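A closer look at the structure
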Amino acid sequence: MTILDGRKTSKDIKEEIKAEVDKMKANGEKVPHLAAVIVGNDGASLTYVGSKVRACERVGFESTMVRLPNTTSEIELLDTIEELNNNDDIDGFIIQLPLPPQINTQKVLMAVHPDKDVDGFHPTNFGKMSLDMSTFIPATPFGILELIDRYGVETKGKHTVVIGRSHIVGRPMSILMGRKGFPGNSTVTLTHSHTKNITQITSQADIVISALGIPNFLKAEMVKDDAVIIDVGITRVPDDSEKGYHITGDVDFENVSKKASFITPVPGGVGPMTIAMLLKNTLIARERHRKNRG
Ligand code: GUN
């Protein structure tokens, strides 16, 4: 059994990105600039955005955090997005999700200019991804592809079962694994809350990608021997520790890892890859921006 080590892999990717940025600086070029918009005070979202901003600093990017109150109206957020779309200094930006209930998420994501949409959530970019065109791939799915690629996990002709159809992970993952090329060329089954007999389906899978958010959902008896297990779950489970919680994945790691050929741990698997790939998308955005507008 091989652990798909997201901590080490993301560190390697960040070092590669930093080397690119160092070259840009040496050539007197502008470095990539990422902005992150956060609305409200959700603890997990603040932690994620803080990590994204710190990661930018470490690789030498510029970063801007835009913090808006929980009471922000949809119009106010759309105005902020318009400013970021028009700000030539910013190469890419993200709107951290979830948004408060008074704001229509889909409307907001559609307002982000596709060239600056480093999360890959705009329908134009999602459509391009589905059509095998070059685009921004959402960071978590992109991170999973990168792990599969760097560890040489075979995907061609394999049966990949994706659990969960969220717009951020499950849905794009189901598209990417069935695309032509590597990673891809899988036969994909997308399962969700209305799926019947899920054990019957997961136990036929060569690759299981679980993005459900239910701690320890995937048990050893639900997977076959030598399956590849990708755990995207990051649920905060309250405990008596100083932090008050610990992070738990969707997979019963202790037992499932005994059967798996490759498996991602939680924490330290897919999670760290998300930030590395957001940086990668921002680097790509800067490069495209430079070619288009100097
Ligand atoms: N909330 C949970 N995951 C993500 C993500 O990848 N991007 C953004 N913007 N918000 C999120």
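One structure accompanies this document, and this report is about it.

What counts and how
- Residues numbered from 1 in each chain as written.
- Predicted model: local features only at pLDDT ≥ 70, side-chain atom pairs only at ≥ 80, totals over all residues.
- Heavy atoms only, no water.
- Core = buried A, V, L, I, M, F, W, Y, C linked by side-chain atoms within 4.5 Å.
- Buried < 20%, exposed > 50% of the residue type's maximum accessible area, 1.4 Å probe, protein only.
- Helix = DSSP H or I, 4+ residues; strand = E, 2+ residues; numbered from the N terminus.
- Contact = heavy atoms within 4.5 Å.
- 1 Å grid on protein atoms, 1.4 Å probe; cavity = no way out; pocket = protein on both sides within 12 Å on 5 of 7 lines; lining within 4 Å.
- Points joined across faces, edges and corners; volume = space filled by probe spheres on them.
- Polar contact = N/O pair within 3.5 Å; in protein donor to acceptor, adjacent residues only side chain to side chain.

With that out of the way, let us pick up the nonpolar core. Ile 17, Phe 61, Ile 144, Ile 209, Ile 230 and Val 232 are the most contacted members of the largest nonpolar core, which totals 49 residues. In terms of residues, this core owes the most to one element, helix H10 (residues 270-293), which gives 9 residues. If we skip the residues at most four places from it in the chain, Val 232 touches Thr 140, Ile 144, Val 169, Ile 209, Ser 210, Ala 211 and Val 270.

This paragraph deals with the layout of surface pockets. Considering only enclosed or pocket space, the largest pocket measures out at about 1,400 Å³ in volume. Tyr 48, Thr 140, Ile 234, Gly 271 and Thr 274 are, among the 49 residues lining the largest pocket, the residues nearest its centre. Counting only elements with at least two residues in the lining of the largest pocket, the list comes to helix H1 (6-26), helix H2 (43-59), helix H6 (139-150), strand E9 (235-238), strand E10 (245-248) and H10. The element best represented in the lining of the largest pocket is H2, accounting for 9 residues. Empty space within the second largest pocket amounts to approximately 200 Å³. Looking at the second largest pocket, the residues that line it are Leu 97, Thr 105, Gln 106, Leu 109, Phe 121, Pro 123, Phe 126, His 167 and Ile 168. Going through the elements one at a time, helix H4 (105-111) and helix H5 (123-130) are the ones with two or more residues in the lining of the second largest pocket.

As for its placement among the helices and strands, Gln 96 is situated in the loop between strand E4 (92-95) and H4. A polar side-chain atom of Gln 96 sits 2.7 Å from a polar atom in the side chain of Lys 52. Residues in contact with Gln 96, not counting those within four places in the same chain, are Val 37, Ser 45, Tyr 48, Val 49 and Lys 52.

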